[in-house]
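# Residue-level structure breakdown
Letter by letter, the chains look like this.
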Amino acid sequence: MSHAADSTTSHWPFALAALLICVGAANGALGAMEAEEGADFDLRRARIKMEGHLFDPRVGFYFEHELSGDRPLLDLRLDVRFSDSFRMRAGQYKVLYNRERVDSSGKQQFVERSIATYAFTLDRQRGITLTKRLAASTRADTELMGGLFEGDGRSPGPRGDEPMAVLRWQWNFLGRSLGFSQSDVALRDVPAASLSLAAATVRGPYTRFSSSGGGQLDGFESGGDERYTLDQWQQGFAWQYRGMSVQQEYHEKRIEDHESGRRSKLEGGYLQFGKLWPVRIASRRRGLELAGRYARVEWRNTPVDRTQTELSLVTNLFITGHDNKLSLDVSRLEVRQPGLGSQDDFRLRIQWDVSL
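In this report, we go over the structure that sits alongside the text. A quick note: this is a predicted structure, and the numbers were derived from the prediction, not measured.

Note that side chains of opposite charge can pair when their charged atoms are close. By the definition in use, this model includes 29 salt bridges. In this structure, the salt-bridge partner of Asp79 is Arg77, at a minimum N-O distance of 3.1 Å. Note on accessibility: Asp79 and Arg77 belong to one class, buried. Residues Arg227 and Glu259 are paired through a salt bridge, measuring 3.5 Å at the closest nitrogen-oxygen approach.

Shown next as C-alpha coordinates:
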(Lines give C-alpha, C1' and ligand atoms only; values in the text may rest on other atoms or scores of the structure.)
Protein backbone atom coordinates (compact mmCIF):
# COMPACT_ATOMS: atom_id res chain seq x y z
CA MET A 1 0.00 0.00 0.00
CA SER A 2 1.04 3.56 -0.53
CA HIS A 3 1.64 5.59 2.62
CA ALA A 4 1.78 9.04 1.04
CA ALA A 5 0.05 11.88 2.84
CA ASP A 6 -2.28 12.74 -0.02
CA SER A 7 -5.14 10.23 -0.05
CA THR A 8 -5.45 10.41 -3.82
CA THR A 9 -1.78 9.78 -4.53
CA SER A 10 -1.16 6.89 -6.95
CA HIS A 11 1.71 5.40 -8.88
CA TRP A 12 1.41 4.75 -12.61
CA PRO A 13 4.43 2.69 -13.73
CA PHE A 14 4.63 1.36 -17.27
CA ALA A 15 6.19 -2.11 -17.41
CA LEU A 16 7.87 -3.29 -20.59
CA ALA A 17 9.78 -6.50 -21.28
CA ALA A 18 11.63 -7.51 -24.46
CA LEU A 19 12.63 -11.14 -25.06
CA LEU A 20 14.90 -12.86 -27.56
CA ILE A 21 14.44 -16.63 -27.80
CA CYS A 22 17.02 -18.70 -29.65
CA VAL A 23 17.22 -22.41 -30.49
CA GLY A 24 13.77 -23.67 -29.54
CA ALA A 25 11.25 -22.82 -26.87
CA ALA A 26 9.40 -24.79 -24.24
CA ASN A 27 7.11 -24.51 -21.25
CA GLY A 28 5.12 -27.05 -19.29
CA ALA A 29 3.23 -28.32 -22.33
CA LEU A 30 4.67 -31.03 -24.58
CA GLY A 31 3.50 -29.15 -27.68
CA ALA A 32 5.95 -26.35 -27.00
CA MET A 33 8.84 -28.79 -27.40
CA GLU A 34 7.58 -29.76 -30.83
CA ALA A 35 7.93 -26.20 -32.16
CA GLU A 36 10.44 -25.61 -34.91
CA GLU A 37 13.91 -24.59 -33.86
CA GLY A 38 15.07 -21.11 -34.67
CA ALA A 39 15.39 -17.59 -33.35
CA ASP A 40 12.63 -15.19 -32.47
CA PHE A 41 12.38 -11.68 -31.07
CA ASP A 42 9.23 -10.91 -29.16
CA LEU A 43 7.79 -8.17 -26.96
CA ARG A 44 6.44 -10.49 -24.29
CA ARG A 45 4.77 -8.06 -21.90
CA ALA A 46 3.62 -4.48 -22.15
CA ARG A 47 1.53 -3.47 -19.16
CA ILE A 48 0.24 -0.48 -17.25
CA LYS A 49 0.24 -0.75 -13.45
CA MET A 50 -1.36 1.57 -10.96
CA GLU A 51 -1.29 1.39 -7.17
CA GLY A 52 -2.06 3.67 -4.27
CA HIS A 53 -4.77 4.11 -1.65
CA LEU A 54 -8.35 5.33 -1.47
CA PHE A 55 -9.19 8.03 1.10
CA ASP A 56 -7.19 6.26 3.82
CA PRO A 57 -3.70 4.68 3.78
CA ARG A 58 -5.29 1.54 5.22
CA VAL A 59 -7.32 0.99 2.03
CA GLY A 60 -4.97 0.28 -0.84
CA PHE A 61 -5.66 -0.68 -4.44
CA TYR A 62 -3.72 -2.27 -7.28
CA PHE A 63 -4.54 -2.31 -11.00
CA GLU A 64 -2.64 -4.07 -13.79
CA HIS A 65 -3.69 -4.00 -17.43
CA GLU A 66 -2.15 -5.78 -20.42
CA LEU A 67 -1.92 -3.63 -23.55
CA SER A 68 -2.81 -6.55 -25.79
CA GLY A 69 -4.83 -9.77 -25.71
CA ASP A 70 -8.49 -10.76 -25.52
CA ARG A 71 -8.71 -10.33 -21.73
CA PRO A 72 -6.39 -7.43 -20.92
CA LEU A 73 -7.44 -6.92 -17.27
CA LEU A 74 -4.94 -8.79 -15.11
CA ASP A 75 -5.37 -7.48 -11.56
CA LEU A 76 -7.97 -5.29 -9.91
CA ARG A 77 -7.98 -5.56 -6.14
CA LEU A 78 -8.45 -3.80 -2.82
CA ASP A 79 -6.16 -4.37 0.15
CA VAL A 80 -7.71 -3.37 3.48
CA ARG A 81 -5.51 -3.25 6.59
CA PHE A 82 -7.77 -3.51 9.65
CA SER A 83 -4.73 -3.60 11.96
CA ASP A 84 -1.03 -4.35 11.80
CA SER A 85 -1.83 -8.04 12.11
CA PHE A 86 -5.11 -8.46 10.20
CA ARG A 87 -5.81 -7.59 6.56
CA MET A 88 -8.11 -8.47 3.68
CA ARG A 89 -7.65 -8.66 -0.09
CA ALA A 90 -10.62 -8.74 -2.50
CA GLY A 91 -11.01 -8.61 -6.28
CA GLN A 92 -9.14 -10.33 -9.10
CA TYR A 93 -5.53 -11.25 -8.29
CA LYS A 94 -3.01 -14.08 -8.04
CA VAL A 95 -4.10 -16.52 -5.37
CA LEU A 96 -1.71 -16.43 -2.39
CA TYR A 97 -0.87 -20.11 -2.79
CA ASN A 98 2.71 -20.67 -3.95
CA ARG A 99 5.55 -18.17 -4.00
CA GLU A 100 6.82 -18.79 -7.54
CA ARG A 101 3.52 -17.76 -9.15
CA VAL A 102 2.82 -14.87 -6.79
CA ASP A 103 6.28 -13.44 -7.51
CA SER A 104 5.79 -10.78 -10.17
CA SER A 105 7.11 -11.58 -13.65
CA GLY A 106 9.22 -8.45 -13.24
CA LYS A 107 10.85 -9.78 -10.04
CA GLN A 108 11.83 -13.25 -11.17
CA GLN A 109 15.32 -14.68 -11.06
CA PHE A 110 14.93 -16.45 -14.42
CA VAL A 111 13.43 -15.32 -17.70
CA GLU A 112 10.47 -17.64 -17.12
CA ARG A 113 8.99 -19.60 -14.23
CA SER A 114 9.79 -23.31 -13.86
CA ILE A 115 7.95 -26.14 -15.62
CA ALA A 116 6.12 -26.82 -12.34
CA THR A 117 4.00 -23.69 -12.85
CA TYR A 118 2.14 -25.22 -15.81
CA ALA A 119 0.88 -28.14 -13.73
CA PHE A 120 0.24 -26.64 -10.31
CA THR A 121 -0.49 -22.89 -10.41
CA LEU A 122 -3.88 -21.54 -9.31
CA ASP A 123 -3.04 -18.26 -11.03
CA ARG A 124 -5.48 -15.35 -10.98
CA GLN A 125 -8.98 -15.81 -9.55
CA ARG A 126 -11.77 -13.58 -8.33
CA GLY A 127 -12.43 -13.80 -4.62
CA ILE A 128 -11.39 -12.74 -1.14
CA THR A 129 -8.44 -13.57 1.17
CA LEU A 130 -8.12 -12.91 4.90
CA THR A 131 -4.66 -12.90 6.51
CA LYS A 132 -3.81 -12.95 10.21
CA ARG A 133 -0.24 -12.47 11.44
CA LEU A 134 0.76 -13.81 14.84
CA ALA A 135 3.85 -13.16 16.99
CA ALA A 136 5.33 -10.72 14.47
CA SER A 137 9.10 -10.12 14.59
CA THR A 138 9.72 -13.16 16.79
CA ARG A 139 10.90 -16.69 16.03
CA ALA A 140 7.24 -17.73 16.08
CA ASP A 141 6.23 -15.14 13.43
CA THR A 142 3.38 -16.82 11.55
CA GLU A 143 0.94 -15.80 8.83
CA LEU A 144 -2.38 -17.63 8.36
CA MET A 145 -4.28 -17.07 5.13
CA GLY A 146 -7.69 -18.31 4.03
CA GLY A 147 -9.42 -17.56 0.74
CA LEU A 148 -12.62 -18.30 -1.20
CA PHE A 149 -12.71 -17.85 -4.98
CA GLU A 150 -15.02 -18.41 -7.91
CA GLY A 151 -12.66 -21.06 -9.27
CA ASP A 152 -12.97 -20.27 -12.97
CA GLY A 153 -9.78 -18.28 -13.48
CA ARG A 154 -9.64 -14.87 -15.04
CA SER A 155 -12.65 -15.10 -17.34
CA PRO A 156 -16.29 -15.96 -16.61
CA GLY A 157 -17.29 -19.30 -18.04
CA PRO A 158 -18.86 -22.67 -17.27
CA ARG A 159 -18.06 -23.93 -13.80
CA GLY A 160 -19.55 -25.84 -10.91
CA ASP A 161 -21.43 -24.36 -8.00
CA GLU A 162 -18.65 -25.06 -5.50
CA PRO A 163 -16.12 -22.29 -4.81
CA MET A 164 -12.38 -22.79 -4.70
CA ALA A 165 -11.10 -22.91 -1.11
CA VAL A 166 -7.46 -22.13 -0.29
CA LEU A 167 -5.58 -22.26 3.02
CA ARG A 168 -1.96 -21.19 3.54
CA TRP A 169 0.34 -21.24 6.59
CA GLN A 170 3.64 -19.35 6.49
CA TRP A 171 6.30 -19.37 9.19
CA ASN A 172 8.79 -16.50 9.12
CA PHE A 173 11.13 -18.46 11.40
CA LEU A 174 13.86 -15.79 11.52
CA GLY A 175 11.38 -13.16 12.72
CA ARG A 176 11.36 -11.22 9.44
CA SER A 177 8.85 -11.41 6.60
CA LEU A 178 10.32 -12.15 3.16
CA GLY A 179 8.41 -10.39 0.37
CA PHE A 180 7.34 -12.06 -2.87
CA SER A 181 10.45 -11.19 -4.86
CA GLN A 182 13.32 -13.36 -6.09
CA SER A 183 17.08 -12.61 -5.87
CA ASP A 184 18.66 -10.76 -2.94
CA VAL A 185 19.03 -7.48 -4.83
CA ALA A 186 19.16 -5.53 -1.55
CA LEU A 187 22.17 -7.54 -0.28
CA ARG A 188 20.50 -8.04 3.09
CA ASP A 189 22.67 -7.53 6.18
CA VAL A 190 20.43 -9.91 8.15
CA PRO A 191 18.81 -13.05 6.73
CA ALA A 192 15.09 -13.41 6.02
CA ALA A 193 13.31 -16.67 5.31
CA SER A 194 9.95 -18.41 5.21
CA LEU A 195 8.54 -21.93 5.28
CA SER A 196 5.01 -22.46 3.98
CA LEU A 197 2.32 -25.09 3.54
CA ALA A 198 -0.82 -24.55 1.46
CA ALA A 199 -3.78 -26.57 0.20
CA ALA A 200 -6.60 -25.96 -2.27
CA THR A 201 -9.71 -27.74 -3.50
CA VAL A 202 -12.24 -27.01 -6.23
CA ARG A 203 -14.75 -28.88 -8.40
CA GLY A 204 -15.44 -27.60 -11.89
CA PRO A 205 -14.71 -28.05 -15.60
CA TYR A 206 -10.94 -27.35 -15.49
CA THR A 207 -7.77 -29.30 -14.67
CA ARG A 208 -5.40 -26.32 -14.70
CA PHE A 209 -5.26 -22.52 -14.58
CA SER A 210 -3.02 -19.99 -16.30
CA SER A 211 -2.86 -16.28 -17.04
CA SER A 212 -5.43 -16.97 -19.77
CA GLY A 213 -7.94 -18.46 -17.33
CA GLY A 214 -9.22 -22.02 -16.83
CA GLY A 215 -8.17 -24.80 -19.20
CA GLN A 216 -7.02 -28.40 -19.46
CA LEU A 217 -3.74 -30.14 -18.79
CA ASP A 218 -2.30 -32.09 -21.72
CA GLY A 219 -4.49 -35.11 -22.49
CA PHE A 220 -7.50 -34.07 -20.41
CA GLU A 221 -10.76 -33.37 -22.22
CA SER A 222 -13.42 -30.74 -21.66
CA GLY A 223 -16.70 -31.94 -20.23
CA GLY A 224 -19.48 -30.95 -17.89
CA ASP A 225 -19.40 -28.00 -15.53
CA GLU A 226 -18.52 -30.29 -12.58
CA ARG A 227 -16.44 -32.94 -14.34
CA TYR A 228 -13.20 -32.58 -12.33
CA THR A 229 -12.31 -32.30 -8.66
CA LEU A 230 -8.85 -30.86 -7.98
CA ASP A 231 -7.21 -31.41 -4.59
CA GLN A 232 -3.67 -30.13 -4.23
CA TRP A 233 -1.10 -29.03 -1.67
CA GLN A 234 2.35 -27.51 -1.67
CA GLN A 235 5.34 -26.93 0.60
CA GLY A 236 7.58 -23.93 -0.04
CA PHE A 237 10.82 -22.50 1.31
CA ALA A 238 12.68 -19.24 0.62
CA TRP A 239 15.81 -17.64 2.12
CA GLN A 240 17.89 -14.55 1.26
CA TYR A 241 21.08 -13.16 2.79
CA ARG A 242 24.07 -11.12 1.55
CA GLY A 243 23.31 -11.66 -2.13
CA MET A 244 22.53 -15.36 -1.74
CA SER A 245 19.05 -16.71 -2.34
CA VAL A 246 17.40 -20.11 -2.16
CA GLN A 247 13.85 -20.93 -3.25
CA GLN A 248 12.13 -24.32 -3.32
CA GLU A 249 8.67 -25.82 -3.74
CA TYR A 250 7.17 -29.31 -3.69
CA HIS A 251 3.68 -29.93 -5.10
CA GLU A 252 1.11 -32.72 -5.26
CA LYS A 253 -2.10 -32.54 -7.25
CA ARG A 254 -4.88 -35.14 -7.47
CA ILE A 255 -7.49 -34.98 -10.22
CA GLU A 256 -10.71 -36.99 -10.07
CA ASP A 257 -12.59 -37.28 -13.37
CA HIS A 258 -16.23 -37.85 -12.43
CA GLU A 259 -17.17 -38.80 -16.02
CA SER A 260 -14.49 -41.41 -16.76
CA GLY A 261 -13.73 -42.47 -13.18
CA ARG A 262 -9.99 -41.91 -13.68
CA ARG A 263 -7.96 -40.63 -10.73
CA SER A 264 -4.73 -38.96 -11.72
CA LYS A 265 -1.83 -37.65 -9.66
CA LEU A 266 0.90 -35.14 -10.45
CA GLU A 267 3.98 -34.55 -8.28
CA GLY A 268 6.76 -32.09 -8.81
CA GLY A 269 8.57 -28.95 -7.85
CA TYR A 270 11.82 -27.06 -8.24
CA LEU A 271 14.92 -25.90 -6.39
CA GLN A 272 16.87 -22.78 -7.34
CA PHE A 273 19.91 -21.05 -5.90
CA GLY A 274 21.50 -17.70 -6.78
CA LYS A 275 24.42 -15.51 -5.77
CA LEU A 276 24.62 -11.77 -6.48
CA TRP A 277 27.75 -9.63 -6.34
CA PRO A 278 27.95 -5.81 -6.36
CA VAL A 279 29.94 -4.57 -9.36
CA ARG A 280 30.84 -1.15 -10.76
CA ILE A 281 30.07 -0.38 -14.39
CA ALA A 282 30.68 3.13 -15.76
CA SER A 283 31.37 4.28 -12.18
CA ARG A 284 27.93 3.14 -11.04
CA ARG A 285 27.05 0.35 -8.64
CA ARG A 286 25.24 -2.57 -10.29
CA GLY A 287 24.46 -6.14 -9.36
CA LEU A 288 25.66 -9.25 -11.19
CA GLU A 289 24.00 -12.57 -10.37
CA LEU A 290 24.48 -16.20 -11.31
CA ALA A 291 21.74 -18.74 -10.54
CA GLY A 292 20.74 -22.31 -11.27
CA ARG A 293 17.44 -24.20 -11.12
CA TYR A 294 16.33 -27.82 -11.30
CA ALA A 295 12.66 -28.74 -11.75
CA ARG A 296 10.78 -32.01 -12.20
CA VAL A 297 7.13 -33.02 -12.75
CA GLU A 298 5.81 -36.61 -12.60
CA TRP A 299 2.49 -37.43 -14.32
CA ARG A 300 0.93 -40.65 -12.95
CA ASN A 301 -2.16 -42.44 -14.27
CA THR A 302 -2.89 -39.46 -16.51
CA PRO A 303 -3.88 -39.62 -20.21
CA VAL A 304 -0.25 -38.72 -21.02
CA ASP A 305 1.86 -40.39 -18.32
CA ARG A 306 5.32 -38.85 -18.43
CA THR A 307 8.25 -37.36 -16.54
CA GLN A 308 9.46 -33.82 -17.26
CA THR A 309 12.75 -32.33 -16.11
CA GLU A 310 14.33 -28.90 -16.47
CA LEU A 311 17.86 -27.68 -15.78
CA SER A 312 18.38 -23.91 -16.17
CA LEU A 313 21.24 -21.47 -15.61
CA VAL A 314 20.92 -17.67 -15.69
CA THR A 315 23.06 -14.58 -15.35
CA ASN A 316 21.40 -11.27 -14.47
CA LEU A 317 22.79 -7.75 -14.68
CA PHE A 318 20.71 -5.53 -12.38
CA ILE A 319 21.07 -1.98 -13.71
CA THR A 320 18.43 -0.53 -11.36
CA GLY A 321 17.37 -3.54 -9.35
CA HIS A 322 14.44 -5.47 -10.81
CA ASP A 323 13.16 -2.28 -12.47
CA ASN A 324 15.87 -2.42 -15.11
CA LYS A 325 17.77 -5.65 -15.71
CA LEU A 326 19.30 -7.77 -18.46
CA SER A 327 18.99 -11.56 -18.27
CA LEU A 328 20.60 -14.39 -20.20
CA ASP A 329 19.46 -17.93 -19.42
CA VAL A 330 20.01 -21.34 -20.92
CA SER A 331 17.87 -24.43 -20.28
CA ARG A 332 17.75 -28.10 -21.12
CA LEU A 333 14.30 -29.70 -20.96
CA GLU A 334 13.45 -33.38 -21.27
CA VAL A 335 10.18 -35.31 -21.48
CA ARG A 336 10.05 -39.10 -21.08
CA GLN A 337 6.91 -41.10 -21.87
CA PRO A 338 6.52 -44.87 -21.49
CA GLY A 339 6.60 -46.53 -24.91
CA LEU A 340 7.46 -43.28 -26.68
CA GLY A 341 10.99 -42.71 -25.47
CA SER A 342 12.18 -39.23 -24.66
CA GLN A 343 12.34 -35.78 -26.21
CA ASP A 344 14.70 -33.03 -25.21
CA ASP A 345 15.03 -29.37 -26.07
CA PHE A 346 17.62 -26.68 -25.58
CA ARG A 347 16.77 -22.98 -25.28
CA LEU A 348 18.82 -19.83 -24.97
CA ARG A 349 17.06 -16.57 -24.09
CA ILE A 350 18.03 -12.96 -23.62
CA GLN A 351 15.61 -10.54 -21.97
CA TRP A 352 15.59 -6.87 -21.11
CA ASP A 353 13.01 -6.15 -18.43
CA VAL A 354 12.31 -2.53 -17.57
CA SER A 355 9.65 -0.68 -15.59
CA LEU A 356 9.36 3.04 -16.31
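Picking up where we left off.
With that settled, consider a nonpolar patch on the surface. A grouping of Leu328, Phe346, Leu348 and Ile350 is seen on the molecular surface, where their side chains present a nonpolar patch of about 300 Å² in accessible area. Examining the composition of the nonpolar patch, we find that three residues originate from one element, strand β19 (residues 341-355), more than from any other. Tracing the sequence through the fold places Ile350 in strand β19. We classify Ile350 as partly exposed; its relative accessible area is 40%.

This next bit is on the environment of Ser331. Here Ser331 lies in strand β18 (residues 324-337). Separated by 38 residues in the primary sequence, Ser331 and Arg293 have C-alpha atoms spaced 9.2 Å apart. Each residue touching Ser331, except ones within four places of it in the same chain, is listed here: Glu310, Leu311, Ser312, Asp345, Phe346 and Arg347.

About the thresholds
- Residues numbered from 1 in each chain as written.
- Predicted model: local features only at pLDDT ≥ 70, side-chain atom pairs only at ≥ 80, totals over all residues.
- Heavy atoms only, no water.
- Salt bridge = Lys/Arg side-chain N within 4 Å of Asp/Glu carboxyl O.
- Buried < 20%, exposed > 50% of the residue type's maximum accessible area, 1.4 Å probe, protein only.
- Patch = residues over 30% accessible without salt bridge, like charges linked within 9 Å, V, L, I, M, F, W, Y side chains within 5 Å.
- Areas by Shrake-Rupley, 256 points an atom, 1.4 Å probe, with all protein chains shown as cover.
- Helix = DSSP H or I, 4+ residues; strand = E, 2+ residues; numbered from the N terminus.
- Contact = heavy atoms within 4.5 Å.

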